[in-house]
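Remarks on the overall topology
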Amino acid sequence: MTLIIAEAGVNHNGDEQLAFKLVDAAHQAGADIVKFQTFKAKNLVTADAKQADYQVTNTQKKESQLAMLSRLELSYDAHHQLVKHCELLGIEFLSTAFDFESLDFLVNDLGLTRLKIPSGEITNAPLVLEHARTGCDLIVSTGMATLSDVEAVLGVIAFGYIADKNAAPSEFAFQQAYASELGQKTLKQKVTILHCTTEYPAPMAEINLKAMETLGHAFKLPAGYSDHSEGIIIPIAAVARGAVLIEKHFTLDKNMDGPDHKASLEPQELAAMVEAIRQVEVALGGGVKSPTVSEIKNKAVARKSLVASRVIKEGDLITEDNLTIKRPGSGMSPYHYWTLLNTFASKSYQVGDLIVE
């Protein structure tokens, strides 16, 4: 089954109670995982870092990233409580670490065994390396990336997984790790790669969904899709094209203040997306082309047989003049039409009788 991540992100607006409500909504919608973002704003951005254009538009407030992100932090205690709440509900807690301190907290304090590397961090080789050195399974998003960017980050990850802790990191060492048999084997076991368009909302003309398959084929890794488009059409299409994982932002209310609400699904939309994905999975089937159980009973009704169009007596010659094709399909297949022509009837037939030579 496709793994579905409901991305709460920072849509809690720094409010712990809102974060709990997001977990509840993700669980009720049928998501497998609810994901947050863990960071210390002071470790993430400089005091002068500007907002992205979409953040200014969505918040209708022009300020520094530091000011915006400081309001969106969740306390470590809140993380612990959210993990417990997720365990009670039976939904996996996941969070993205944007700095070393947050990564250490997620792994060594919360005990996470799966981590997500966001698109904006895949060129942050030191942080990526520390992710891999945890030994956790990794989900790697590739928004804004070229294939060479993706190969480079996979090299860092391979090195982090297989190299001795005392081995010196270097671009050459990363390349060696990536090219090694052990490196490739480990990547296949532990890494899922996501196609993504880093814009909020992402324009349809820039989704380039086929790139998801390009990633999977190029790197021989399970591939999924992190969606920033409006609505639920593209995630459903991604599953139909083979996505093993779908990540989608959601919120309790698109009209709330905050940078990501307007590009997020509301709970009823998230539930509709999950249901549609599960239906698509069933519809995809196993790929073998053969009659289904329900089709078999319709074969006799929908198909046709060879039928006598005139009275045929035993020993008469069967010709185009006394042979036709009609429903039902419970007699001889029309594929035998030419075989029967100009042969002698072994029995007599009335008009409309199925031929049973």
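Look above for the structure.
Now for a look at the structure at hand. (Residues numbered from 1 in each chain as written. Predicted model: local features only at pLDDT ≥ 70, side-chain atom pairs only at ≥ 80, totals over all residues. Heavy atoms only, no water.)

In this section: helix H5 (residues 76-89). The terminal C-alpha atoms of H5 lie 20 Å apart, and with 14 residues this matches the ideal 20 Å at 1.5 Å per residue to within 8%. For H5, the full list of buried residues reads Ala-78, His-79, Leu-82, Val-83, His-85 and Cys-86. Angularly, the buried residues of H5 cover 165° about the axis, an arc narrow enough to put them on a single face. Of the residues in H5, the exposed ones pointing more than 90 degrees away from the buried face are Glu-87 and Leu-88. Against the buried residues of H5 lie helix H1 (16-29), strand E2 (33-38), strand E3 (92-97) and helix H6 (100-109). (Helix = DSSP H or I, 4+ residues; strand = E, 2+ residues; numbered from the N terminus. Expected span 1.5 Å × (residues − 1). Buried < 20%, exposed > 50% of the residue type's maximum accessible area, 1.4 Å probe, protein only. Arc of directions from axis to C-beta. Contact = heavy atoms within 4.5 Å.)

It is worth spelling out the packing of helix H12 (residues 233-240) against helix H13 (residues 267-284) at this point. Close contact between H12 and H13 brings their axes to 9 Å; oriented N to C, the two are set at 20°. The angle between H12 and H13 places the two elements in the roughly parallel class. In this structure, H12 crosses over H13, and the sense of that crossing is right-handed. Each of Pro-235, Ile-236, Val-239 and Ala-240 in H12 lies in contact with H13, whose residues at this interface are Met-273, Ala-276, Ile-277, Val-280, Glu-281 and Leu-284. Its residues assigned to classes, the contact of H12 with H13 comprises 9 nonpolar, no polar and 1 charged. (Axes fitted to C-alpha atoms, helices over the stretch in contact; angles between N-to-C directions. Parallel < 35°, antiparallel > 145°, perpendicular 65-115°, else oblique. Left-handed = near helix turned anticlockwise from the far one by under 90°. Nonpolar A, V, L, I, M, F, W, Y, C, P; charged D, E, K, R; others polar.)

A few words on the sheet that holds E3. Pairing in this open sheet of 8 strands is parallel, and the strands run E3-E2-E1-E8-E7-E6-E5-E4 from one edge to the other. Of all the strands in the sheet, just E3 and strand E4 (114-117) have a single pairing partner and so form its edges. Within this sheet the neighbouring strands show an average axis-to-axis angle of 25°, counted without direction. Alignment of E2 against E3, held across 6 bridges, turns out to be parallel. Its bridge partner lying in E3, Gln-37 is registered against Thr-96. Strand contacts of H1: strand E1 (3-9) and E2, with the helix running at about 155° to E2, the strand carrying the most contacts. Strands E3, E4 and strand E5 (137-141) of the sheet are contacted by helix H7 (residues 125-133), whose axis makes an angle of about 165° with E4. (Pairing = 2+ DSSP bridges.)

What the rule picks out here adds up to 5 aromatic pairs. Between Phe-36 and Phe-93, the ring centres sit 5.8 Å apart and the planes meet at 20°, which makes this aromatic pair stacked. Of this pair, Phe-36 sits in strand E2 while Phe-93 sits in strand E3, and the two are 57 residues apart along the sequence. For Phe-36, a relative accessible area of 0% translates into the label buried. A relative accessible area of 6% means that Phe-93 is categorised as buried. Ring geometry for Tyr-76 against Phe-105: centres 3.8 Å apart, planes inclined by 5°, an arrangement best described as stacked. One end of the pair, Tyr-76, is in helix H5; the other, Phe-105, is in helix H6, with 29 residues separating them in the sequence. (Phe/Tyr/Trp six-rings, centres within 6.5 Å; stacked < 30°, edge-to-face > 60°.)

Attention now goes to unusual backbone geometry. In this chain, Tyr-200 is followed by Pro-201 through a cis amide linkage whose omega measures -5°. Position of Pro-201 relative to the elements: it lies in the loop between strand E6 (191-196) and helix H11 (210-219). Here the residue pair Arg-327 and Pro-328 is connected by a cis peptide bond, since its omega of 5° sits within 30 degrees of zero. Residue position: Pro-328 is located in the loop between strand E10 (323-326) and helix H16 (337-340). At Asn-13, a position not held by glycine, the phi torsion is positive, near 60°. Position of Asn-13 among the secondary structure elements: in the loop between E1 and H1. Exposure remark for Asn-13: the relative accessible area of 25% places this residue in the partly exposed category.

Right, let's get into the pairing of E2. Within E2, 6 of the 6 residues are buried, which leaves the element mostly enclosed by the surrounding structure. Neither face of E2 is exposed, since Ile-33, Lys-35 and Gln-37 on one face and Val-34, Phe-36 and Thr-38 on the opposite face are all buried.

This brings us to the environment of Ala-163. Looking at the element boundaries, Ala-163 is found in the loop between helix H8 (147-162) and helix H9 (171-179). In this structure, the C-alpha to C-alpha distance between Ala-163 and Asp-77, residues 86 residues apart in sequence, is 34 Å.

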